[in-house]
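# Fold and geometry: a report
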Amino acid sequence: MIDEDLAEKYAVVSAGAHRFDGADVRDAVPTTAVGEILALADELTRIGSAGTELARRIESVTGLRAGEVQVLAAVDAGSVHPRGIAEVIGQVVEAAEATVGALVERGLLGRHAHASDPAGELALVHLTPPGRAVLEQVEAVQIRLADALASTLGAERTRSLRSTLATLADVLDRPALPTD
């Protein structure tokens, strides 16, 4: 109650803040009870840890790190050049190139030239049949894990979770603080 009263009295929003970014929110005074904010931070940390554990499980089954799975998924979705792959997955180009190279060496991606390239430089990539099989295996593991989660929660709690996650995604997709 005291936290709420203080927050209401002294709520300050940084002028010109446009992104959900530590630099933009440093000067903002919480408008929610500090206890609630800390509890939310704890829950978000637990979710992050669960995501890390999920990535470990997928890696143990498939032998692929999360970044490698992201590259395969980006190629499957139509990205064929390391620059485009890097943009889709949020990596720097050099990291995407290194990951692509490793996946080519493992036979999960193949290289080909653009049809209009007279030099025939093998600058583009595509999924190989083994790459497609591994990606399908990853997707199957993700589906089985989601099914286990839904079964554990039950229909009503699964719907509630989906609604909450959709709301959270919507909030994170727009500016966190209003502009003046």
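Structure report, in brief. (Residues numbered from 1 in each chain as written. Predicted model: local features only at pLDDT ≥ 70, side-chain atom pairs only at ≥ 80, totals over all residues. Heavy atoms only, no water.)

### Some details on the pattern of salt bridges
Operational definition: What counts as a salt bridge is simple: a side-chain nitrogen of Lys or Arg found within 4 Å of a carboxyl oxygen of Asp or Glu.
By the definition in use, this model includes seven salt bridges. Between Arg-65 and Glu-68 there is a salt bridge, and its shortest N-O distance comes to 3.3 Å. Put simply, Glu-53, Arg-56 and Arg-57 are held in one network by salt bridges that share partners.

### Here's the deal with the side chain of Thr-128
To keep it simple, the criterion reads: Note on conventions: DSSP H or I runs of at least 4 residues are helices, E runs of at least 2 residues are strands, and numbering of each starts at the N terminus. Under the rule applied, a polar contact is a pair of N or O atoms within 3.5 Å (in protein, one hydrogen donor and one hydrogen acceptor; residues adjacent in sequence only if both atoms are side-chain atoms). Between two residues, a contact is recorded if the distance between any of their heavy atoms is within 4.5 Å.
Relative to the assigned elements, Thr-128 resides in the loop between strand 2 (124-127) and helix 7 (129-153). Within the structure, Thr-128 has its side chain in polar contact with the backbone oxygen of Leu-108 (distance 3.1 Å). With near-sequence residues (within four places) excluded, Thr-128 lies in contact with Gly-107, Leu-108, Leu-109 and Gly-110.

### Overview of helix 4 (residues 66-76)
Three or four residues apart is the spacing at which side chains of an α-helix point the same way, because the helix has 3.6 residues per turn. Here is the rule we go by: Here the term buried applies to any residue with accessible area under 20% of the maximum for its type, exposed to any over 50%, and partly exposed to those in between, with areas from a 1.4 Å probe on protein chains only.
What helix 4 keeps buried is the set Gly-67, Glu-68, Val-69, Val-71, Leu-72, Ala-74 and Val-75. Of the surrounding elements, those touching the buried residues of helix 4 are helix 5 (82-89), helix 6 (93-105), strand 1 (109-112), strand 2 and helix 7. Looking one or two residues beyond helix 4, the residue adopting positive phi is Gly-78, at roughly 120°.

### A word on a nonpolar patch on the surface
Here is the rule: Nonpolar side chains (Val, Leu, Ile, Met, Phe, Trp, Tyr) within 5 Å and like charges within 9 Å form the patches, drawn only from residues with over 30% relative accessible area and no salt bridge. What sets the accessible areas is the Shrake-Rupley method with a 1.4 Å probe; for residues, cover comes only from the shown protein chains.
Together, Leu-40, Leu-44, Ile-47, Leu-149, Leu-161, Leu-165, Leu-168, Val-171 and Leu-172 make up an exposed nonpolar region whose accessible area comes to about 740 Å². Within the residue set of the nonpolar patch, elements represented by two or more residues are helix 3 (34-62) and helix 8 (155-173). Looking at the nonpolar patch element by element, the count peaks at five residues for helix 8. Looking at where Ile-47 falls in the secondary structure, it is placed in helix 3.

### A look at the nonpolar core
One recurring pattern in soluble globular proteins: nonpolar side chains tend to sit buried together. Keep this limit in mind: We define the nonpolar core as a collection of buried residues of types Ala, Val, Leu, Ile, Met, Phe, Trp, Tyr and Cys that are connected through side-chain atoms lying within 4.5 Å of one another.
Judged by nonpolar contacts, the single largest core of 21 residues is most densely connected at Leu-64, Val-71, Leu-72, Val-75, Ile-85, Leu-103 and Leu-109. When contributions to this core are tallied by element, the ones reaching two or more residues are helix 4, helix 5, helix 6, strand 2 and helix 7. Discounting chain neighbours no more than four positions away, the residues touching Leu-103 are Leu-64, Glu-68, Val-71, Leu-72, Leu-108 and Leu-109.

### Focus on the packing of helix 7 against helix 8
Heads up, the rule is: Angular values range over 0 to 180 degrees, each being the angle between N-to-C directions of two axes fitted as lines to C-alpha atoms, with helices fitted over their stretch in contact. For classification purposes, angles smaller than 35 degrees are called roughly parallel, those larger than 145 roughly antiparallel, those between 65 and 115 roughly perpendicular, and all remaining angles oblique. Gly falls in the polar group here, along with every residue not listed as nonpolar (Ala, Val, Leu, Ile, Met, Phe, Trp, Tyr, Cys, Pro) or charged (Asp, Glu, Lys, Arg).
For the pair helix 7 and helix 8, interaxial distance at closest approach is 6 Å and the crossing angle is 120°. With respect to helix 8, the axis of helix 7 lies oblique. Contact residues: Leu-149, Ala-150 and Leu-153 in helix 7; Ala-155, Arg-157, Thr-158 and Leu-161 in helix 8. When grouped by side-chain class, the residues that make up the contact of helix 7 with helix 8 number five nonpolar, one polar and one charged.

### Focus: the environment of Ala-133
Relative to the assigned elements, Ala-133 resides in helix 7. Assessed through its relative accessible area of 44%, Ala-133 is described here as partly exposed. As a C-alpha pair, Ala-133 and Leu-108 span 25 residues in sequence and 8.9 Å in three-dimensional space.

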